[in-house]
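Commentary on secondary and tertiary structure
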Protein chains: 2
Amino acid sequence: MATVATRRRTNKARRGESQEKILDAAEALLATHGFNGVSIKDIATAAEVDASLLHYYFATKAGLHAAVIARRADEVNASRLASMQRYAETAAGHFTVEGVLRAYLEPTFAFVRTPDAGRLSYLTLIAQLNSTPTGVIPGAEVTPFDPVIQVFIKLLREASPASSDEDLYWFYHMLSGAISVSWARTGRIDRLSGGLCRSDDFESIARHMIALFAEGLTRDRAGGGVPSADRR
Amino acid sequence: MATVATRRRTNKARRGESQEKILDAAEALLATHGFNGVSIKDIATAAEVDASLLHYYFATKAGLHAAVIARRADEVNASRLASMQRYAETAAGHFTVEGVLRAYLEPTFAFVRTPDAGRLSYLTLIAQLNSTPTGVIPGAEVTPFDPVIQVFIKLLREASPASSDEDLYWFYHMLSGAISVSWARTGRIDRLSGGLCRSDDFESIARHMIALFAEGLTRDRAGGGVPSADRR
DNA sequence: ATTAATTTATTGATCGACCAATAAAGTTGT
DNA sequence: ACAACTTTATTGGTCGATCAATAAATTAAT
(Lines give C-alpha, C1' and ligand atoms only; values in the text may rest on other atoms or scores of the structure.)
Protein backbone atom coordinates (compact mmCIF):
# COMPACT_ATOMS: atom_id res chain seq x y z
CA MET A 1 0.00 0.00 0.00
CA ALA A 2 1.21 3.41 -0.90
CA THR A 3 4.36 3.43 -2.95
CA VAL A 4 4.77 7.12 -2.41
CA ALA A 5 8.26 8.42 -2.90
CA THR A 6 8.80 11.89 -4.22
CA ARG A 7 5.53 12.86 -5.89
CA ARG A 8 5.36 16.17 -7.68
CA ARG A 9 4.83 15.15 -11.26
CA THR A 10 4.30 18.64 -12.56
CA ASN A 11 6.81 21.15 -11.32
CA LYS A 12 4.02 23.66 -11.41
CA ALA A 13 3.39 22.99 -7.76
CA ARG A 14 4.26 26.32 -6.25
CA ARG A 15 3.08 25.16 -2.91
CA GLY A 16 5.63 22.39 -3.09
CA GLU A 17 7.81 24.52 -0.94
CA SER A 18 6.22 22.76 2.00
CA GLN A 19 8.11 19.69 0.98
CA GLU A 20 11.38 21.55 1.20
CA LYS A 21 10.46 23.02 4.54
CA ILE A 22 9.72 19.55 5.83
CA LEU A 23 12.98 18.15 4.51
CA ASP A 24 14.93 21.04 6.02
CA ALA A 25 13.35 20.61 9.41
CA ALA A 26 13.74 16.84 9.32
CA GLU A 27 17.38 17.15 8.30
CA ALA A 28 18.21 19.39 11.23
CA LEU A 29 16.27 17.45 13.85
CA LEU A 30 17.32 13.99 12.68
CA ALA A 31 20.96 15.04 12.67
CA THR A 32 20.76 16.25 16.24
CA HIS A 33 18.50 13.71 17.91
CA GLY A 34 18.59 10.66 15.67
CA PHE A 35 15.73 8.75 14.09
CA ASN A 36 14.15 7.57 17.31
CA GLY A 37 14.77 10.83 19.13
CA VAL A 38 12.42 12.85 16.96
CA SER A 39 8.71 12.46 16.27
CA ILE A 40 6.76 13.29 13.16
CA LYS A 41 5.05 15.96 15.18
CA ASP A 42 8.37 17.51 16.22
CA ILE A 43 9.38 17.83 12.60
CA ALA A 44 5.99 19.14 11.53
CA THR A 45 6.07 21.78 14.23
CA ALA A 46 9.57 22.89 13.25
CA ALA A 47 8.55 23.00 9.61
CA GLU A 48 5.36 24.89 10.51
CA VAL A 49 3.10 22.46 8.71
CA ASP A 50 0.52 19.94 9.79
CA ALA A 51 1.81 16.52 10.80
CA SER A 52 -0.40 14.74 8.29
CA LEU A 53 1.39 16.52 5.49
CA LEU A 54 4.52 14.53 6.20
CA HIS A 55 2.57 11.36 5.59
CA TYR A 56 1.07 12.80 2.44
CA TYR A 57 4.49 13.43 0.93
CA PHE A 58 6.60 10.65 2.41
CA ALA A 59 4.08 8.05 3.54
CA THR A 60 6.09 6.91 6.56
CA LYS A 61 8.69 8.25 8.95
CA ALA A 62 11.26 5.93 7.39
CA GLY A 63 10.32 7.26 3.98
CA LEU A 64 10.95 10.79 5.14
CA HIS A 65 14.31 9.76 6.53
CA ALA A 66 15.25 8.13 3.24
CA ALA A 67 14.14 11.23 1.34
CA VAL A 68 16.34 13.46 3.51
CA ILE A 69 19.32 11.26 2.76
CA ALA A 70 18.56 11.06 -0.95
CA ARG A 71 18.09 14.78 -1.44
CA ARG A 72 21.74 15.80 -1.35
CA ALA A 73 23.42 12.49 -2.14
CA ASP A 74 23.93 13.19 -5.82
CA GLU A 75 25.53 16.54 -5.15
CA VAL A 76 27.99 15.05 -2.66
CA ASN A 77 28.89 12.16 -4.92
CA ALA A 78 29.32 14.36 -7.98
CA SER A 79 31.64 16.83 -6.25
CA ARG A 80 33.78 14.06 -4.79
CA LEU A 81 34.02 12.32 -8.13
CA ALA A 82 34.87 15.52 -9.99
CA SER A 83 37.57 16.40 -7.48
CA MET A 84 39.17 12.98 -7.73
CA GLN A 85 38.98 13.00 -11.53
CA ARG A 86 40.62 16.42 -11.56
CA TYR A 87 43.40 15.11 -9.34
CA ALA A 88 43.83 11.99 -11.43
CA GLU A 89 44.40 14.11 -14.51
CA THR A 90 46.69 16.60 -12.80
CA ALA A 91 48.85 14.09 -10.99
CA ALA A 92 48.63 11.35 -13.55
CA GLY A 93 51.16 8.70 -12.73
CA HIS A 94 52.44 10.49 -9.64
CA PHE A 95 49.73 9.91 -7.10
CA THR A 96 50.50 10.55 -3.46
CA VAL A 97 48.42 9.41 -0.51
CA GLU A 98 48.11 12.97 0.67
CA GLY A 99 46.98 14.12 -2.77
CA VAL A 100 44.32 11.45 -3.10
CA LEU A 101 43.17 12.01 0.46
CA ARG A 102 42.87 15.72 -0.13
CA ALA A 103 41.01 15.20 -3.39
CA TYR A 104 38.48 12.96 -1.64
CA LEU A 105 38.02 15.06 1.49
CA GLU A 106 38.21 18.61 0.20
CA PRO A 107 34.79 18.72 -1.54
CA THR A 108 33.11 17.59 1.67
CA PHE A 109 34.70 20.33 3.72
CA ALA A 110 33.93 22.83 0.96
CA PHE A 111 30.35 21.55 1.05
CA VAL A 112 29.80 23.15 4.44
CA ARG A 113 31.82 26.28 3.69
CA THR A 114 28.58 27.98 2.64
CA PRO A 115 25.75 29.83 4.36
CA ASP A 116 23.50 26.79 3.92
CA ALA A 117 23.28 25.41 7.45
CA GLY A 118 21.33 22.41 6.20
CA ARG A 119 24.42 21.01 4.55
CA LEU A 120 26.18 20.73 7.86
CA SER A 121 23.20 18.92 9.34
CA TYR A 122 23.23 16.63 6.34
CA LEU A 123 26.82 15.56 6.86
CA THR A 124 26.15 15.07 10.55
CA LEU A 125 23.24 12.83 9.66
CA ILE A 126 25.32 10.78 7.23
CA ALA A 127 28.13 10.45 9.75
CA GLN A 128 25.69 9.30 12.40
CA LEU A 129 24.39 6.76 9.93
CA ASN A 130 27.86 5.45 9.20
CA SER A 131 28.54 4.67 12.84
CA THR A 132 25.24 2.90 13.43
CA PRO A 133 24.80 -0.82 12.81
CA THR A 134 23.01 -1.45 9.55
CA GLY A 135 19.38 -2.35 9.97
CA VAL A 136 18.57 -0.50 13.17
CA ILE A 137 17.58 2.72 11.43
CA PRO A 138 14.59 2.28 9.12
CA GLY A 139 14.87 3.86 5.70
CA ALA A 140 18.65 3.80 5.77
CA GLU A 141 19.37 0.55 4.04
CA VAL A 142 20.59 2.21 0.88
CA THR A 143 24.22 3.25 0.63
CA PRO A 144 24.47 5.87 -2.09
CA PHE A 145 28.08 6.76 -1.30
CA ASP A 146 29.77 3.38 -1.62
CA PRO A 147 30.56 3.49 -5.37
CA VAL A 148 32.44 6.76 -5.03
CA ILE A 149 34.28 5.44 -1.99
CA GLN A 150 35.43 2.52 -4.10
CA VAL A 151 36.90 5.00 -6.56
CA PHE A 152 38.69 6.68 -3.65
CA ILE A 153 40.17 3.37 -2.58
CA LYS A 154 41.18 2.60 -6.15
CA LEU A 155 43.16 5.84 -6.31
CA LEU A 156 44.67 5.08 -2.90
CA ARG A 157 45.81 1.74 -4.26
CA GLU A 158 47.74 3.50 -7.00
CA ALA A 159 49.20 6.02 -4.58
CA SER A 160 50.34 3.32 -2.17
CA PRO A 161 51.07 0.21 -4.25
CA ALA A 162 52.83 -1.46 -1.34
CA SER A 163 49.61 -1.52 0.68
CA SER A 164 47.47 -4.61 0.49
CA ASP A 165 43.75 -4.33 -0.17
CA GLU A 166 43.16 -5.30 3.42
CA ASP A 167 45.37 -2.44 4.55
CA LEU A 168 43.49 -0.04 2.32
CA TYR A 169 40.07 -1.05 3.53
CA TRP A 170 41.10 -0.88 7.19
CA PHE A 171 42.61 2.48 6.41
CA TYR A 172 39.24 3.66 5.11
CA HIS A 173 37.58 2.15 8.15
CA MET A 174 39.71 4.26 10.51
CA LEU A 175 39.32 7.32 8.32
CA SER A 176 35.54 6.99 8.25
CA GLY A 177 35.58 6.88 12.03
CA ALA A 178 37.56 10.09 12.24
CA ILE A 179 35.21 11.70 9.72
CA SER A 180 32.10 10.55 11.57
CA VAL A 181 33.19 11.83 14.96
CA SER A 182 34.19 15.11 13.34
CA TRP A 183 30.85 15.80 11.70
CA ALA A 184 29.09 14.71 14.86
CA ARG A 185 30.37 17.85 16.62
CA THR A 186 30.00 16.32 20.03
CA GLY A 187 31.82 19.08 21.89
CA ARG A 188 33.89 16.40 23.53
CA ILE A 189 37.31 17.49 22.30
CA ASP A 190 36.47 21.04 23.34
CA ARG A 191 36.04 20.00 26.94
CA LEU A 192 38.95 17.57 26.89
CA SER A 193 41.37 20.13 25.48
CA GLY A 194 40.15 22.91 27.72
CA GLY A 195 38.97 24.94 24.74
CA LEU A 196 42.19 24.53 22.78
CA CYS A 197 40.32 22.63 20.06
CA ARG A 198 36.81 23.35 18.88
CA SER A 199 34.49 20.70 17.44
CA ASP A 200 33.27 23.07 14.75
CA ASP A 201 36.69 24.18 13.58
CA PHE A 202 36.56 22.21 10.35
CA GLU A 203 39.60 23.90 8.83
CA SER A 204 41.81 22.58 11.64
CA ILE A 205 40.10 19.22 11.45
CA ALA A 206 40.75 18.94 7.72
CA ARG A 207 44.36 19.92 8.16
CA HIS A 208 45.08 17.41 10.91
CA MET A 209 43.03 14.68 9.32
CA ILE A 210 44.88 14.87 6.03
CA ALA A 211 48.31 15.12 7.63
CA LEU A 212 47.67 12.32 10.11
CA PHE A 213 46.17 9.81 7.72
CA ALA A 214 48.49 10.63 4.85
CA GLU A 215 51.50 9.77 6.99
CA GLY A 216 49.70 6.84 8.52
CA LEU A 217 49.12 5.02 5.27
CA THR A 218 52.36 6.08 3.67
CA ARG A 219 54.41 4.51 6.43
CA ASP A 220 52.10 1.84 7.74
CA ARG A 221 52.18 -1.65 6.44
CA ALA A 222 50.64 -3.06 9.60
CA GLY A 223 52.41 -6.32 9.06
CA GLY A 224 55.68 -5.74 10.82
CA GLY A 225 55.35 -5.91 14.53
CA VAL A 226 52.33 -6.13 16.76
CA PRO A 227 52.07 -9.83 17.39
CA SER A 228 49.72 -8.97 20.22
CA ALA A 229 51.32 -11.53 22.54
CA ASP A 230 51.54 -9.21 25.51
CA ARG A 231 48.32 -9.70 27.29
CA ARG A 232 48.38 -8.41 30.75
CA MET B 1 10.66 9.83 46.16
CA ALA B 2 13.22 7.13 46.47
CA THR B 3 16.83 8.15 46.26
CA VAL B 4 17.71 4.70 45.08
CA ALA B 5 21.22 4.17 43.85
CA THR B 6 22.89 0.94 44.77
CA ARG B 7 21.03 -0.20 47.82
CA ARG B 8 22.05 -3.41 49.37
CA ARG B 9 23.54 -2.33 52.66
CA THR B 10 24.02 -5.86 53.80
CA ASN B 11 25.33 -8.07 51.05
CA LYS B 12 22.86 -10.67 52.22
CA ALA B 13 20.41 -9.57 49.57
CA ARG B 14 20.31 -12.70 47.51
CA ARG B 15 17.52 -11.41 45.36
CA GLY B 16 19.74 -8.61 44.12
CA GLU B 17 20.52 -10.69 41.10
CA SER B 18 17.52 -9.12 39.40
CA GLN B 19 19.43 -5.89 39.29
CA GLU B 20 22.25 -7.57 37.40
CA LYS B 21 19.86 -9.18 34.98
CA ILE B 22 18.31 -5.80 34.25
CA LEU B 23 21.70 -4.18 33.73
CA ASP B 24 22.81 -6.99 31.44
CA ALA B 25 19.69 -6.75 29.29
CA ALA B 26 19.84 -2.95 29.21
CA GLU B 27 23.50 -3.02 28.26
CA ALA B 28 22.89 -5.28 25.28
CA LEU B 29 19.78 -3.52 24.02
CA LEU B 30 21.04 0.02 24.53
CA ALA B 31 24.26 -0.80 22.70
CA THR B 32 22.37 -2.09 19.70
CA HIS B 33 19.41 0.24 19.41
CA GLY B 34 20.40 3.35 21.33
CA PHE B 35 18.62 5.09 24.17
CA ASN B 36 15.55 6.11 22.20
CA GLY B 37 15.41 2.86 20.27
CA VAL B 38 14.59 0.74 23.31
CA SER B 39 11.73 0.91 25.75
CA ILE B 40 11.63 0.08 29.42
CA LYS B 41 9.32 -2.76 28.54
CA ASP B 42 11.77 -4.15 25.96
CA ILE B 43 14.48 -4.28 28.59
CA ALA B 44 12.18 -5.75 31.21
CA THR B 45 11.07 -8.47 28.82
CA ALA B 46 14.64 -9.34 27.92
CA ALA B 47 15.60 -9.40 31.58
CA GLU B 48 12.54 -11.48 32.43
CA VAL B 49 11.36 -9.14 35.14
CA ASP B 50 8.43 -6.81 35.54
CA ALA B 51 8.80 -3.37 34.01
CA SER B 52 8.05 -1.68 37.30
CA LEU B 53 11.15 -3.22 38.79
CA LEU B 54 13.33 -1.08 36.56
CA HIS B 55 11.75 2.00 38.08
CA TYR B 56 12.12 0.58 41.54
CA TYR B 57 15.87 0.18 41.17
CA PHE B 58 16.77 3.02 38.84
CA ALA B 59 13.87 5.43 39.16
CA THR B 60 13.96 6.58 35.55
CA LYS B 61 15.08 5.33 32.17
CA ALA B 62 17.94 7.83 32.20
CA GLY B 63 18.93 6.55 35.63
CA LEU B 64 19.13 3.03 34.28
CA HIS B 65 21.27 4.23 31.39
CA ALA B 66 23.62 5.98 33.79
CA ALA B 67 23.83 2.86 35.95
CA VAL B 68 24.77 0.72 32.96
CA ILE B 69 27.59 3.11 32.13
CA ALA B 70 28.80 3.35 35.71
CA ARG B 71 28.87 -0.38 36.34
CA ARG B 72 32.03 -1.18 34.41
CA ALA B 73 33.68 2.24 34.28
CA ASP B 74 36.03 1.63 37.18
CA GLU B 75 37.30 -1.63 35.74
CA VAL B 76 38.05 -0.03 32.37
CA ASN B 77 39.77 2.96 33.91
CA ALA B 78 41.84 0.85 36.28
CA SER B 79 43.11 -1.50 33.59
CA ARG B 80 44.04 1.36 31.30
CA LEU B 81 45.82 3.17 34.09
CA ALA B 82 47.69 0.09 35.21
CA SER B 83 48.83 -0.67 31.68
CA MET B 84 50.10 2.84 31.14
CA GLN B 85 51.86 2.88 34.50
CA ARG B 86 53.50 -0.41 33.66
CA TYR B 87 54.68 1.01 30.37
CA ALA B 88 55.92 4.21 31.99
CA GLU B 89 58.10 2.18 34.33
CA THR B 90 59.36 -0.19 31.67
CA ALA B 91 60.15 2.41 29.04
CA ALA B 92 61.06 5.20 31.42
CA GLY B 93 62.68 7.99 29.46
CA HIS B 94 62.33 6.20 26.15
CA PHE B 95 58.66 6.56 25.31
CA THR B 96 57.53 5.91 21.77
CA VAL B 97 54.18 6.86 20.29
CA GLU B 98 53.55 3.26 19.39
CA GLY B 99 54.39 2.10 22.89
CA VAL B 100 52.09 4.62 24.57
CA LEU B 101 49.34 3.90 22.07
CA ARG B 102 49.61 0.20 22.69
CA ALA B 103 49.62 0.67 26.44
CA TYR B 104 46.42 2.68 26.25
CA LEU B 105 44.58 0.52 23.73
CA GLU B 106 45.62 -2.99 24.69
CA PRO B 107 43.56 -3.28 27.91
CA THR B 108 40.43 -2.34 26.02
CA PHE B 109 40.93 -5.01 23.40
CA ALA B 110 41.83 -7.48 26.13
CA PHE B 111 38.62 -6.45 27.89
CA VAL B 112 36.53 -8.16 25.21
CA ARG B 113 38.87 -11.12 24.81
CA THR B 114 36.73 -12.98 27.34
CA PRO B 115 33.56 -15.05 27.27
CA ASP B 116 31.63 -12.16 28.81
CA ALA B 117 29.56 -10.88 25.90
CA GLY B 118 28.33 -7.98 28.00
CA ARG B 119 31.73 -6.35 27.89
CA LEU B 120 31.55 -6.04 24.13
CA SER B 121 28.12 -4.45 24.40
CA TYR B 122 29.51 -2.11 26.99
CA LEU B 123 32.28 -0.82 24.75
CA THR B 124 29.79 -0.45 21.91
CA LEU B 125 27.60 1.61 24.19
CA ILE B 126 30.47 3.86 25.26
CA ALA B 127 31.60 4.31 21.67
CA GLN B 128 28.10 5.23 20.63
CA LEU B 129 28.05 7.75 23.45
CA ASN B 130 31.33 9.30 22.36
CA SER B 131 30.01 10.05 18.89
CA THR B 132 26.76 11.57 20.08
CA PRO B 133 26.45 15.28 20.90
CA THR B 134 26.51 15.84 24.64
CA GLY B 135 23.11 16.50 26.12
CA VAL B 136 20.94 14.56 23.70
CA ILE B 137 21.15 11.32 25.64
CA PRO B 138 19.72 11.62 29.15
CA GLY B 139 21.79 10.13 31.92
CA ALA B 140 25.01 10.45 29.97
CA GLU B 141 26.31 13.77 31.16
CA VAL B 142 29.04 12.24 33.24
CA THR B 143 32.37 11.44 31.64
CA PRO B 144 34.13 8.89 33.81
CA PHE B 145 36.91 8.21 31.30
CA ASP B 146 38.30 11.68 30.75
CA PRO B 147 40.87 11.71 33.58
CA VAL B 148 42.54 8.55 32.29
CA ILE B 149 42.49 9.93 28.76
CA GLN B 150 44.36 12.96 30.04
CA VAL B 151 47.02 10.62 31.38
CA PHE B 152 47.22 9.00 27.96
CA ILE B 153 47.74 12.38 26.34
CA LYS B 154 50.36 13.29 28.91
CA LEU B 155 52.35 10.18 28.00
CA LEU B 156 51.89 10.97 24.31
CA ARG B 157 53.32 14.40 24.96
CA GLU B 158 56.49 12.82 26.32
CA ALA B 159 56.68 10.36 23.46
CA SER B 160 56.28 13.08 20.86
CA PRO B 161 57.74 16.27 22.35
CA ALA B 162 57.68 18.02 18.98
CA SER B 163 53.89 17.81 18.84
CA SER B 164 51.93 20.76 20.14
CA ASP B 165 49.08 20.24 22.58
CA GLU B 166 46.69 21.12 19.79
CA ASP B 167 48.24 18.37 17.66
CA LEU B 168 47.88 15.89 20.49
CA TYR B 169 44.24 16.65 21.19
CA TRP B 170 43.32 16.49 17.51
CA PHE B 171 45.22 13.24 17.38
CA TYR B 172 43.08 11.87 20.16
CA HIS B 173 39.99 13.22 18.41
CA MET B 174 40.77 11.21 15.26
CA LEU B 175 41.73 8.17 17.31
CA SER B 176 38.50 8.27 19.27
CA GLY B 177 36.61 8.30 15.99
CA ALA B 178 38.42 5.22 14.76
CA ILE B 179 37.78 3.52 18.09
CA SER B 180 34.10 4.42 18.09
CA VAL B 181 33.40 3.16 14.60
CA SER B 182 35.30 -0.02 15.43
CA TRP B 183 33.29 -0.89 18.52
CA ALA B 184 30.10 0.03 16.70
CA ARG B 185 30.52 -3.04 14.48
CA THR B 186 28.34 -1.59 11.74
CA GLY B 187 29.17 -4.27 9.18
CA ARG B 188 29.94 -1.49 6.76
CA ILE B 189 33.57 -2.34 6.08
CA ASP B 190 32.56 -5.94 5.53
CA ARG B 191 30.31 -5.00 2.66
CA LEU B 192 32.68 -2.39 1.27
CA SER B 193 35.64 -4.75 1.23
CA GLY B 194 33.63 -7.63 -0.13
CA GLY B 195 34.26 -9.70 2.98
CA LEU B 196 37.99 -9.04 3.07
CA CYS B 197 37.64 -7.24 6.40
CA ARG B 198 35.26 -8.16 9.18
CA SER B 199 33.83 -5.65 11.64
CA ASP B 200 34.27 -8.04 14.52
CA ASP B 201 37.89 -8.92 13.80
CA PHE B 202 39.29 -6.91 16.68
CA GLU B 203 42.78 -8.35 16.43
CA SER B 204 43.17 -6.96 12.92
CA ILE B 205 41.58 -3.71 14.00
CA ALA B 206 44.02 -3.33 16.89
CA ARG B 207 46.96 -4.10 14.65
CA HIS B 208 46.03 -1.58 11.99
CA MET B 209 44.88 1.06 14.44
CA ILE B 210 48.16 1.04 16.35
CA ALA B 211 50.30 0.97 13.23
CA LEU B 212 48.33 3.67 11.47
CA PHE B 213 48.09 6.13 14.32
CA ALA B 214 51.57 5.52 15.61
CA GLU B 215 53.03 6.50 12.26
CA GLY B 216 50.52 9.30 11.89
CA LEU B 217 51.56 11.12 15.01
CA THR B 218 55.22 10.28 14.77
CA ARG B 219 55.51 11.89 11.37
CA ASP B 220 52.66 14.36 11.45
CA ARG B 221 53.15 17.88 12.65
CA ALA B 222 50.14 19.08 10.68
CA GLY B 223 52.06 22.18 9.76
CA GLY B 224 54.55 20.72 7.39
CA GLY B 225 57.79 20.29 9.25
CA VAL B 226 58.97 16.83 10.13
CA PRO B 227 61.64 17.32 12.75
CA SER B 228 61.15 14.11 14.62
CA ALA B 229 63.51 11.19 14.50
CA ASP B 230 61.80 8.95 16.96
CA ARG B 231 60.58 5.74 15.48
CA ARG B 232 60.27 2.57 17.42
C1' DA C 1 13.63 -19.06 70.00
C1' DT C 2 9.55 -17.37 68.61
C1' DT C 3 7.19 -13.57 67.31
C1' DA C 4 6.46 -8.93 65.94
C1' DA C 5 8.14 -4.94 63.33
C1' DT C 6 10.60 -3.23 59.53
C1' DT C 7 12.96 -3.20 55.32
C1' DT C 8 13.61 -4.88 50.74
C1' DA C 9 11.90 -6.98 46.53
C1' DT C 10 8.32 -7.82 43.13
C1' DT C 11 3.92 -7.63 40.90
C1' DG C 12 -0.23 -5.89 38.55
C1' DA C 13 -3.23 -2.30 37.37
C1' DT C 14 -3.57 2.08 35.58
C1' DC C 15 -2.57 6.97 34.28
C1' DG C 16 -2.14 10.67 30.86
C1' DA C 17 0.77 11.75 27.08
C1' DC C 18 2.46 10.79 22.91
C1' DC C 19 3.20 7.92 18.96
C1' DA C 20 2.78 6.85 13.67
C1' DA C 21 -0.60 6.29 10.56
C1' DT C 22 -5.31 6.53 8.14
C1' DA C 23 -9.49 8.31 6.26
C1' DA C 24 -12.10 11.83 4.86
C1' DA C 25 -13.30 16.46 4.14
C1' DG C 26 -11.91 20.90 2.79
C1' DT C 27 -9.07 24.33 0.05
C1' DT C 28 -6.62 26.24 -3.62
C1' DG C 29 -5.10 27.15 -8.20
C1' DT C 30 -5.92 26.14 -13.19
C1' DA D 1 -13.95 20.12 -13.10
C1' DC D 2 -9.99 18.46 -11.67
C1' DA D 3 -5.93 17.61 -9.43
C1' DA D 4 -2.53 18.99 -6.16
C1' DC D 5 -2.40 20.42 -1.71
C1' DT D 6 -3.78 20.95 3.26
C1' DT D 7 -6.46 20.40 7.40
C1' DT D 8 -9.54 18.08 10.75
C1' DA D 9 -10.70 14.16 13.15
C1' DT D 10 -9.63 9.84 14.78
C1' DT D 11 -7.55 5.29 15.12
C1' DG D 12 -5.09 1.68 17.92
C1' DG D 13 -0.92 1.27 20.11
C1' DT D 14 3.03 2.21 23.08
C1' DC D 15 5.46 5.24 25.94
C1' DG D 16 7.50 6.29 30.79
C1' DA D 17 5.97 6.64 35.17
C1' DT D 18 3.09 6.12 39.54
C1' DC D 19 0.76 3.69 43.06
C1' DA D 20 -1.23 0.32 46.00
C1' DA D 21 -0.78 -4.36 47.33
C1' DT D 22 1.85 -8.31 48.24
C1' DA D 23 5.81 -11.50 49.08
C1' DA D 24 10.04 -12.42 51.01
C1' DA D 25 13.85 -11.55 53.80
C1' DT D 26 16.00 -9.09 57.68
C1' DT D 27 16.04 -7.04 62.09
C1' DA D 28 14.39 -6.15 66.71
C1' DA D 29 11.81 -7.33 70.76
C1' DT D 30 10.44 -10.54 73.97
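In the block above lies the structure referred to throughout.
Anyway, here's the lowdown on the structure attached to this text. Predicted model only: the values in this text are computed from it and were never measured. (Residues numbered from 1 in each chain as written. Chains lettered and ligands numbered in written order. Predicted model: local features only at pLDDT ≥ 70, side-chain atom pairs only at ≥ 80, totals over all residues. Heavy atoms only, no water.)

A few words on the environment of Ala110 of chain B. All names here are of chain B. In this structure, Ala110 sits in helix 5 (residues 97-111). Take Ala110: its relative accessible area is 12%, and that puts it in the buried class. Along the sequence, Ala110 and Glu203 sit 93 residues apart, while their C-alpha atoms lie 9.8 Å from each other. (Helix = DSSP H or I, 4+ residues; strand = E, 2+ residues; numbered from the N terminus. Buried < 20%, exposed > 50% of the residue type's maximum accessible area, 1.4 Å probe, protein only.)

Residue and element names in this part refer to chain B. Counted by the stated rule, this structure contains 18 aromatic pairs over all chains. Between Phe109 and Trp183, the ring centres sit 5.2 Å apart and the planes meet at 40 degrees, which makes this aromatic pair tilted. Residue Phe109 is found in helix 5, and its partner Trp183 is found in helix 8 (residues 165-184); the two are separated by 74 residues along the sequence. Take Phe109 and Trp183: they sit in the same class, and that class is buried. A centroid spacing of 4.8 Å and a plane angle of 40 degrees characterise the contact between Trp183 and Phe202, whose relative ring orientation is tilted. (Phe/Tyr/Trp six-rings, centres within 6.5 Å; stacked < 30°, edge-to-face > 60°.)

The end-to-end C-alpha separation of helix 7 (residues 146-159) of chain B is 20 Å, in line with the 20 Å expected for 14 residues at 1.5 Å each. All of the buried residues along helix 7 of chain B are Asp146, Val148, Ile149, Phe152, Ile153, Leu155, Leu156 and Ala159 of chain B. (Expected span 1.5 Å × (residues − 1).)

This part covers helix 8 (residues 165-184) of chain A. Given 3.6 residues to a turn, an α-helix orients residues that are three or four positions apart in the same direction. All names here are of chain A. Between its first and last C-alpha, helix 8 extends 28 Å over 20 residues, near the 28 Å set by a 1.5 Å rise per residue. Counted residue by residue, helix 8 has 18 buried out of 20 residues, so it is predominantly covered. Arg185 sits one or two residues past helix 8 and shows a positive phi near 45 degrees.

This part is about empty space enclosed by the protein. Tallied over the full model, the rule gives 11 cavities of 30 Å³ or more. If you add up the space inside the largest cavity, you get close to 560 Å³. Looking at the largest cavity, it is lined by 32 residues, and the ones nearest its centre are Gly34, Gln128 and Thr132 of chain A together with Gln128 and Thr132 of chain B. When residues of the lining of the largest cavity are traced back to their parent elements, those giving at least two are helix 1 (17-33), helix 6 (117-130) and helix 8 of chain A together with helix 1 (17-33) and helix 6 (117-130) of chain B. When grouped by side-chain class, the residues that make up the lining of the largest cavity number 13 nonpolar, 19 polar and no charged. In this structure, the second largest cavity spans a volume of roughly 210 Å³. Sorting the residues of the lining of the second largest cavity by element identifies helix 9 (188-192) of chain A together with helix 6 of chain B as the ones contributing at least two each. It is helix 6 of chain B that contributes the most residues to the lining of the second largest cavity, 3 residues altogether. Residue classes in the lining of the second largest cavity are distributed as 10 nonpolar, 6 polar and 4 charged. (1 Å grid on protein atoms, 1.4 Å probe; cavity = no way out; pocket = protein on both sides within 12 Å on 5 of 7 lines; lining within 4 Å. Points joined across faces, edges and corners; volume = space filled by probe spheres on them. Nonpolar A, V, L, I, M, F, W, Y, C, P; charged D, E, K, R; others polar.)

Let us now look at the packing of helix 8 of chain A against helix 8 of chain B. Here helix 8 of chain A crosses helix 8 of chain B at 110 degrees, and the two axes come no closer than 7 Å. By the angle class used here, helix 8 of chain A and helix 8 of chain B are roughly perpendicular. Counting all contacts with helix 8 of chain A, which are made through His173, Met174, Ser176, Gly177, Ala178, Val181 and Ser182 of chain A, the residues of helix 8 of chain B involved are His173, Met174, Ser176, Gly177, Ala178, Val181 and Ser182 of chain B. Among the residues making up the contact of helix 8 of chain A with helix 8 of chain B, the classes are represented as 6 nonpolar, 8 polar and no charged. (Axes fitted to C-alpha atoms, helices over the stretch in contact; angles between N-to-C directions. Parallel < 35°, antiparallel > 145°, perpendicular 65-115°, else oblique. Contact = heavy atoms within 4.5 Å.)

This part covers the interface of chain A and chain B. On the chain B side, the residues contacting the 58 residues of chain A number 60 residues. Taken together, the two surfaces of chain A and chain B that pack against each other cover about 5,800 Å², and 65% of this comes from carbon and sulfur. Counting every contact that joins chain A to chain B gives 4 salt bridges. The partner of Asp146 of chain B in a salt bridge is Arg188 of chain A, and the shortest N-O contact between them spans 3.4 Å. For the pair chain A and chain B, the interface holds 12 residue pairs in polar contact (both at pLDDT 80 or more). (Buried area = accessible area lost by both parts, 1.4 Å probe. Salt bridge = Lys/Arg side-chain N within 4 Å of Asp/Glu carboxyl O. Polar contact = N/O pair within 3.5 Å; in protein donor to acceptor, adjacent residues only side chain to side chain.)

In the superposition of chain A on chain B (RMSD 0.1 Å, axial shift 0.0 Å), the rotation amounts to 180 degrees. Given the turn and translation reported, the copies of this chain are related as if by a two-fold rotation axis. Taken together, the interface assignments show that 93% of the residues at the interface of chain A recur at the interface of chain B, consistent with an identical surface on both copies. (Least-squares fit on C-alpha atoms with pLDDT ≥ 70 in both.)

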